[in-house]
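# Descriptive analysis of the structure
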Amino acid sequence: MKILHYINGMFYLFTIIIYITFNKAGAAPQTVLGIMQMLMALILIIKKWPIKTIRTHVLRYGLLVGSYFLILGFLSSIFGNMDDFFVIILFVIIPMLIATYFVYITYLLQKQ
């Protein structure tokens, strides 16, 4: 399963480099990273990964992603126009923290 970690890590680093270099252009690779990570998590859940700690982390990741989208939808409906500060937190910082957690999960997976 080392290949999952390498692919995930490369996409993650690519996204961070694009954000640092081109600022707002990082949203496109971040979207691809998020979709790719959700598909990887789904594959790990479907495979019913036998290692309990990995399974727990993947389910926790799924709960984080689901909670993020629920809170994002709720806040978007309440606050139509948000400050740039909140937009950066909601659309850049929080998703990248969740992505970082999934990179950690794949790191644990490749160590097994």
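Above this text sits the structure in question.
Nothing here was measured: the structure is a model prediction, and the numbers come from that model.

## Observations concerning the nonpolar core
- Counting 23 residues, the largest nonpolar core has Tyr 12, Leu 33, Leu 44, Val 58, Tyr 61, Phe 102 and Ile 105 as its most contacted members.
- Broken down by secondary-structure element, the contributors of at least two residues to this core are α1 (2–22), α2 (27–46), α3 (52–78) and α4 (84–111).
- Take this core: its biggest share by element is 10 residues, from α4.
- Leave out the neighbours within four places in its chain, and Tyr 61 touches Gly 34, Gln 37, Met 38, Ala 41, Ile 98, Tyr 101, Phe 102 and Ile 105.

## A word on the packing of α1 against α2
- Running from N to C, α1 and α2 point in directions that differ by 160°, and their axes come no closer than 9 Å. Judged on the interaxial angle alone, α2 and α1 are roughly antiparallel. Crossing of α1 over α2 shows left-handed handedness. Here Leu 4, Ile 7, Asn 8, Phe 11, Tyr 12, Phe 14, Thr 15, Ile 18 and Tyr 19 of α1 come into contact with α2, specifically with Ala 27, Pro 29, Gln 30, Val 32, Leu 33, Met 36, Gln 37, Met 40 and Leu 44.
- The residue makeup of the contact of α1 with α2, split by class, is 14 nonpolar, 4 polar and no charged.

## Remarks on the packing of aromatic side chains
- Going through the model one piece at a time under the given rule, you end up with 3 aromatic pairs.
- Seen in terms of ring centroids, Tyr 61 and Phe 102 are 4.6 Å apart; in terms of plane orientation they differ by 45°. Their pairing is tilted. Linking Tyr 61 in helix α3 with Phe 102 in helix α4, this pair joins segments that are 41 residues apart in sequence.
- Among the residues examined, Tyr 61 registers a relative accessible area of 2% and is labelled buried.
- Residue Phe 102 is classed as buried on the basis of its relative accessible area of 0%.

Calculation criteria
- Residues numbered from 1 in each chain as written.
- Predicted model: local features only at pLDDT ≥ 70, side-chain atom pairs only at ≥ 80, totals over all residues.
- Heavy atoms only, no water.
- Core = buried A, V, L, I, M, F, W, Y, C linked by side-chain atoms within 4.5 Å.
- Buried < 20%, exposed > 50% of the residue type's maximum accessible area, 1.4 Å probe, protein only.
- Helix = DSSP H or I, 4+ residues; strand = E, 2+ residues; numbered from the N terminus.
- Contact = heavy atoms within 4.5 Å.
- Axes fitted to C-alpha atoms, helices over the stretch in contact; angles between N-to-C directions.
- Parallel < 35°, antiparallel > 145°, perpendicular 65-115°, else oblique.
- Left-handed = near helix turned anticlockwise from the far one by under 90°.
- Nonpolar A, V, L, I, M, F, W, Y, C, P; charged D, E, K, R; others polar.
- Phe/Tyr/Trp six-rings, centres within 6.5 Å; stacked < 30°, edge-to-face > 60°.

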